[in-house]
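Descriptive analysis of the structure
Listed below are the residues making up each chain.
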Amino acid sequence: MIRLLHPLLALLFAPLLQGIIMKTQAFFAGRQGPPVIQPYHDLARLFRKGAVFSETTTWVFRAGPAIGLTIGILCLIFLPLGNMPAMVSFHGDLIFLIYLLSLHRFFTVIAAMDTGSAFEGMGASREMSFSALAEPAFFFGLATIARLTGTLSLDQLIHGININLWQTHVGSLALVVVGLFLVFLAENSRIPVDDPSTHLELTMIHEVMVLDHSGVDFGFIEYAAALKLWILGSVIVGIAIPVRTGIPGIDISAMCLGLICLAVIIGIVGSIMARLRLLQVPQLLVGACIFSVIGFLIQ
Amino acid sequence: MFPLLVSLGLMLFAAVVAIVPVAKPQTRAKLSAIIAVVADGIGLVPCVSVLTGHPGMTFVAPWQMPFCSFALNLDALSAFFLVPILGLSMAAAVFGVPYLRHATDEANLGAAWCSFHILVASMVTVMLAANGLLFLIAWELTVLSSFFLVVLDRDNEVNRQAGWIYLTASHLGTVFIILCFLLLERETGSLDFSAFSHAALLSPAFKGFLFLLAVLGFGTKAGFIPFHVWLPEAHPAAPSHVSALMSGVMIKTGIYGIVRILYFLGHPSPWWGWLLITIGLVSGVLGILFALSQNDIKKLLAYCSVENIGIIAMGLGLGLLGLSLGNRDVAVLGFAGGLLHVLNHAVFKGLLFLGSGAVLEQTGTRDMDRMGGLLKRMPYTGATFLVGCLSICGLPPFNGFISEFFIYFAAFAAVLNGSLSLAVPGLFIIVGLSLIGGLAASCFAKAFSIIFLGNPRQARAAEAQEVAWSMRGPMMVLASLCAVISFVAPSLLGIFERVLGVFPEFSTGPDVTSSLAQVATPLFIITASGFLFFTILGSIVMTRVGLLANRKVETSVTWDCGYAQPSVKMQYTGSSFSQPLVELFNSVLGTETQMSGVDGYFPRKGSFLSHSANIFIEKLFKPAFTRIETLSHRFSWIQNGVVQAYVFYITITLVFLLIGGLM
């Protein structure tokens with residue numbers, strides 16, 4: 001039963017992370033900002049709405065959001081939270097997980113291209129280009145940790161990271177965490193790669209791809225984005241926070257606290273930095289890869 | 001063995017039927033295709049039975065040919081390669097009947113079908129041949145028959161050029177194979193494959209040389225970079241169902257050749273693995289980058305074949321490295337991944353080329369930037385093409401993911417292994433494969449969306465209609481195979497056990513089964529989560545339908561920022577979609593762009609042209625061949641056209657031979 005806890009936590013509290021990010025950004029901007037539970041209100045509002053479809057679109061446009069959400073939910077099954085094991089784990093599940101997220105992206109992109117809009121084409125093209133560079137960085141980071149912990153199942157990999165490992169391999173673990181964090185920002189369309197709150201279509205990546213979606217479908221997209229933030233977040237937090245006491249209460253609260261801290265950090269990064277020029281994003285992602293390379297070399 | 005001989009006979013009979021003028025060309029074409037389908041079906045029976053555990057078969061017939069014997073041998077390795085050859089030929093034959101009716105004129109029809117059947121028959125013979133000379137004869141027939149198909153549309157200058165490049169490259173490659181076989185004959189005393197296995201006892205340096213020759217010779221056929229130059233020229237030029245066959249299975253005969261030679265050479269040296277991994281990484285990454293920069297759909301698919309051959313080479317290279325360094329798991333899983341990718345690539349590349357043929361027939365162009373919105377008009381072609389795209393990007397739940405998963409698994413096993421000499425190549429493969437995966441996703445998101453989504457960019461694309469059922473049928477079968485292979489993957493492990501069991505290196509030492517068993521549980525869970533995926537998707541779709549049931553669902557125009565006159569030309573094109581990545585990697589791609597005209601306050605006309613040249617031809621082969629040409633011109637005085645001089649040469653030669661004989 002305890003294995004069901006993490007998927008349930010994720011399904012319930014994933015939008016909360018987005019609320020925390022918004023609150024943090026509002027704090028830095030000197031505003032009061034929307035309440036932390038605003039994303040839930042937004043979702044509820046979207047799920048109550050009808051829909052408008054472009055006459056250019058086909059079934060691909062309608063399938064995109066549903067498939068995205070399906071993958072978000074499916075990923076939770078393979079996701080451990082610190083010491084708490086995943087519902088299902090097997091050797092190589094991290095490969096499967098990353099490819100599932102790729103499938104999600106593929107459908108988001110072709111759903112965007114289905115509208116025939118130049119804006120959405122632009123976003124789709126950028127999303128695909130940057131993720132092609134983000135993926136090797138992600139794999140590199142995970143391969144480094146797989147070698148450190150001697151396993152290629154995500155469950156045992158996260159479980160294998162503890163205080164002792166951090167003490168003996170602090171340099172390489174820290175570098176990998178930094179590399180993965182950069183990938184995390186890119187994958188979740190956050191500053192400095194993408195700005196979810198901008199109002200100019202030309203400058204956006206993820207948000208511009210979903211311009212034409214409305215109502216329930218848009219709700220699916222938002223919810224899936226929240227889940228993705230949680231999924232990648234829990235991997236990073238699992239690596240960065242080596243609390244493995246064996247007492248479920250302490251372990252789980254440490255991880256949840258970690259996720260909240262992560263959300264605050266994203267908020268801070270988003271408040272104190274500007275979005276990078278698009279030409280510089282590849283450099284950032286290659287940089288993320290290099291962090292992991294050094295991490296691999298110095299272990 | 002008997003069914004395979006019958007099958008070969010039927011194929012040759014079909015080739016005769018296609019050209020003997022007894023009925024109308026269309027009727028003959030249809031008849032010969034039906035015979036070929038039956039022949040393929042008959043041939044599949046013994047292959048499947050060998051793969052499911054029945055013993056291999058041999059057949060030897062007397063043949064008055066020096067150094068040669070008509071020896072055929074069907075073992076699990078041949079059977080494994082024969083299944084995609086026969087299966088895809090079946091699909092291509094069915095697709096070809098209505099397709100060729102539009103693609104070529106009646107005068108060519110007989111020759112086209114005759115070449116097609118000979119191509120299939122010769123590929124089958126290549127797989128079965130157990131004698132070096134027989135192998136080479138069949139190998140040559142493959143090249144010649146496919147050459148005629150490449151230049152079928154001979155009025156087109158580009159196609160003739162492609163044909164010549166293909167013929168030259170293939171023959172240069174064959175030189176190395178001949179050399180390799182002759183050396184093997186010298187060392188083992190016979191051109192029979194059964195004797196070749198004594199080569200395992202040779203010195204490592206000599207074996208390395210033989211391996212190098214095999215990689216050069218067979219690698220040219222397989223399309224390893226930089227020997228791939230013929231591939232993006234020849235494959236698009238052939239009729240689409242033949243392109244499917246060439247890309248799907250013909251280039252795999254090169255892979256078969258390498259693996260077969262490896263089976264003879266016994267214990268490998270580590271550098272063999274390094275070589276194949278390097279070739280694989282270079283071919284994979286460059287192949288997909290070149291594919292990304294193409295606007296011609298068939299050229300894109302051809303370059304993507306180079307990429308997939310790269311993935312196969314990575315798997316085989318990792319297998320070799322594991323074998324030479326004594327890591328059984330890496331060896332078994334690497335080989336299994338590479339071989340499974342051979343099968344998978346045949347299925348999805350066949351599917352994609354057939355899809356491109358359907359699109360070509362309806363729009364009359366290969367230029368993706370003239371298509372668009374075809375999914376509405378060609379729903380079956382579109383849906384099957386999408387399945388092909390997902391599979392080729394290695395995305396779950398389709399078959400491409402399974403073979404890449406094998407290779408990832410082997411690479412991770414190498415990384416987890418203590419020694420750096422195994423871990424570093426493993427890491428390179430993981431990173432290379434993930435980069436290739438990302439680039440492939442971009443490439444095929446582009447291909448699918450520019451062809452099938454959005455609004456039609458040209459009148460012909462707007463008038464396109466769904467193709468005939470006999471063209472849809474093969475595509476639907478191949479698309480469902482993409483899913484089926486993925487879902488039955490756990491039960492395929494037994495087949496690899498038998499295919500690798502033929503390899504002498506695996507027949508000694510620890511069991512292959514235990515290494516393969518490691519992926520059994522993961523594959524089972526992946527399969528199960530495929531079903532779970534559809535269950536969750538189903539419930540989400542139901543929820544969506546329920547939520548939208550009593551609400552207002554409207555249609556409108558695409559959000560255009562309030563711009564009053566949106567036009568189809570404003571859509572993103574293929575070139576613009578791939579622009580960020582092409583620009584980023586331009587130092588290797590050499591894409592040239594020309595832009596003109598947009599200036600002044602009220603610009604009237606503007607044009608933009610981007611073109612990715614085949615830099616290997618331009619920068620490597622053209623200068624080299626020009627150099628050879630100028631050099632050989634210096635000796636042209638020998639060939640002066642005077643008969644007396646030639647008689648003089650002959651006399652001199654004879655005298656020298658005489659002296660040599662006397663001494």
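Keep in mind that what you see is a predicted model, and the values were worked out from it rather than measured.

The next point concerns the overall build of chain A. What chain A contains, in helices and strands, is twelve helices and one strand. The C-alpha atoms of chain A give a radius of gyration of 19 Å, which matches the 19 Å a tight globule of 299 residues would have. Overall, the C-alpha framework of chain A stretches about 60 × 45 × 40 Å when taken along its three principal axes. The proportion of buried residues among the 299 residues of chain A is 61%.

Before going further, it helps to examine the overall build of chain B. Secondary structure assignment for chain B yields 28 helices and five strands. For 663 residues, the compact-globule formula gives about 26 Å, and the C-alpha radius of gyration of chain B, at 26 Å, lands near that figure. With the principal axes as the frame, chain B shows a C-alpha extent of 100 × 65 × 55 Å. In chain B, which comprises 663 residues, the proportion classed as buried is 55%. Summarising the internal contacts of chain B: among those between residues at least 6 apart in sequence, 79% fall at separations of at least 24.

On to the confidence of the model for chain B. Residue and element names in this part refer to chain B. When pLDDT is averaged across chain B, the result is 91; 100% of the residues are at 70 or more. No element of chain B has a lower mean pLDDT than strand S5 (residues 607–612), which averages 76, and none a higher one than helix H16 (residues 379–392), which averages 97. With pTM at 0.95, the complex prediction returns an ipTM value of 0.96.

One can read the domain layout of chain B as domain 1 (1–200 + 215–260) and domain 2 (615–662). If you average the C-alpha positions of domain 1 of chain B and of domain 2 of chain B, the two centres end up 33 Å apart.

Residues and elements named next belong to chain A. Tracing the sequence through the fold places Lys23 in helix H1 (residues 5–28). Between the alpha carbons of Lys23 and Gln283 there is a distance of 30 Å; along the sequence they are 260 residues apart. Not counting residues within four places of it along the chain, the set of residues in contact with Lys23 comprises Gly33 and Val36.

To continue, consider unusual backbone geometry. In this structure, B:Pro226 follows B:Ile225 across a cis peptide bond, with omega equal to 10 degrees. Cis geometry marks the peptide bond from B:Pro396 to B:Pro397; its omega dihedral reads 0 degrees. Residue placement: B:Pro397 occurs in the loop between H16 and helix H17 (399–416). You will see that A:Ser189, though not glycine, has its phi angle at about 50 degrees, which is positive. Within the element layout of this structure, A:Ser189 appears in the loop between helix H8 (170–187) and helix H9 (206–209). A:Ser189 sits in the buried class, given 21 other C-beta atoms within 10 Å.

In terms of nonpolar packing, the biggest core is built from 346 residues, with B:Phe412 and B:Ile430 touching the most fellow members. Beyond its immediate stretch of four places on either side in the chain, B:Ile430 contacts A:Phe139, A:Ala143, B:Tyr408, B:Ala411, B:Phe412 and B:Val415.

A few words now on the interface of chain A and chain B. Interfaces are often sized by the accessible area lost when the parts come together. Taken together, the contacts link 59 residues of chain A with 65 residues of chain B. Here the side of chain A that touches chain B takes 17 residues from helix H5 (residues 118–149) of chain A, the largest share from any one element. Broken down by class, the residue content of the side of chain A that touches chain B amounts to 36 nonpolar, 16 polar and seven charged. For strand S1 (residues 51–54) of chain A and strand S3 (residues 553–556) of chain B, the ladder comprises four bridges, and the chain directions are parallel.

Glancing now at the packing of helix H14 (residues 328–363) of chain B against helix H21 (residues 489–501) of chain B. Residue and element names in this part refer to chain B. Running from N to C, H14 and H21 point in directions that differ by 105 degrees, and their axes come no closer than 11 Å. With respect to H21, the element H14 is oriented roughly perpendicular. For the pair H14 and H21, contact is made by Val332, Phe335, Ala336 and Leu339 and by Phe496, Val499 and Leu500, respectively. Of the residues contributing to the contact of H14 with H21, the split by class is seven nonpolar, no polar and no charged.

Another point: the environment of A:Pro34. Residue and element names in this part refer to chain A. Checked against the element boundaries, Pro34 lands in the loop between H1 and helix H2 (38–47). Residue class for Pro34 comes out partly exposed when judged on the 14 C-beta atoms lying within 10 Å of it. C-alpha separation for the pair Pro34 and Gly19, spaced 15 residues apart in sequence, amounts to 8.0 Å.

The end-to-end C-alpha distance of helix H12 (residues 281–297) of chain A, which contains 17 residues, comes to 24 Å, matching closely the 24 Å that a straight helix rising 1.5 Å per residue would cover. Every buried residue of H12(A) is listed here: A:Val281, A:Pro282, A:Leu285, A:Ala288, A:Cys289, A:Phe291, A:Ser292, A:Gly295 and A:Phe296.

Further remarks concern the environment of A:Gln280. Tracing the chain through its elements places A:Gln280 in the loop between helix H11 (248–272) and H12. Distance from A:Gln280 to A:Ala226, taken between C-alpha atoms, is 26 Å for residues 54 residues apart in sequence.

Residue and element names in this part refer to chain B. With their axes 7 Å apart at the nearest point, helix H3 (residues 76–103) and H21 run at an angle of 125 degrees to one another. The angle between H3 and H21 falls in the class oblique. The segment H3 lies against H21, with Ala76, Leu77 and Phe80 engaging Ile495, Arg498, Val499 and Gly501. Across the contact of H3 with H21, the residue classes break down as five nonpolar, one polar and one charged.

Rules and cut-offs
Residues numbered from 1 in each chain as written. Chains lettered and ligands numbered in written order. Predicted model: local features only at pLDDT ≥ 70, side-chain atom pairs only at ≥ 80, totals over all residues. Helix = DSSP H or I, 4+ residues; strand = E, 2+ residues; numbered from the N terminus. Rg over C-alpha atoms; globule rule 2.2 N^0.38 Å. Buried ≥ 20, exposed ≤ 12 C-beta atoms within 10 Å, placed from the backbone. Contact = placed C-beta atoms within 7 Å. pLDDT = per-residue confidence, 0-100. Domains from an automatic or database assignment. Core = buried A, V, L, I, M, F, W, Y, C linked by C-beta atoms within 7 Å. Nonpolar A, V, L, I, M, F, W, Y, C, P; charged D, E, K, R; others polar. Pairing = 2+ DSSP bridges. Axes fitted to C-alpha atoms, helices over the stretch in contact; angles between N-to-C directions. Parallel < 35°, antiparallel > 145°, perpendicular 65-115°, else oblique. Expected span 1.5 Å × (residues − 1).

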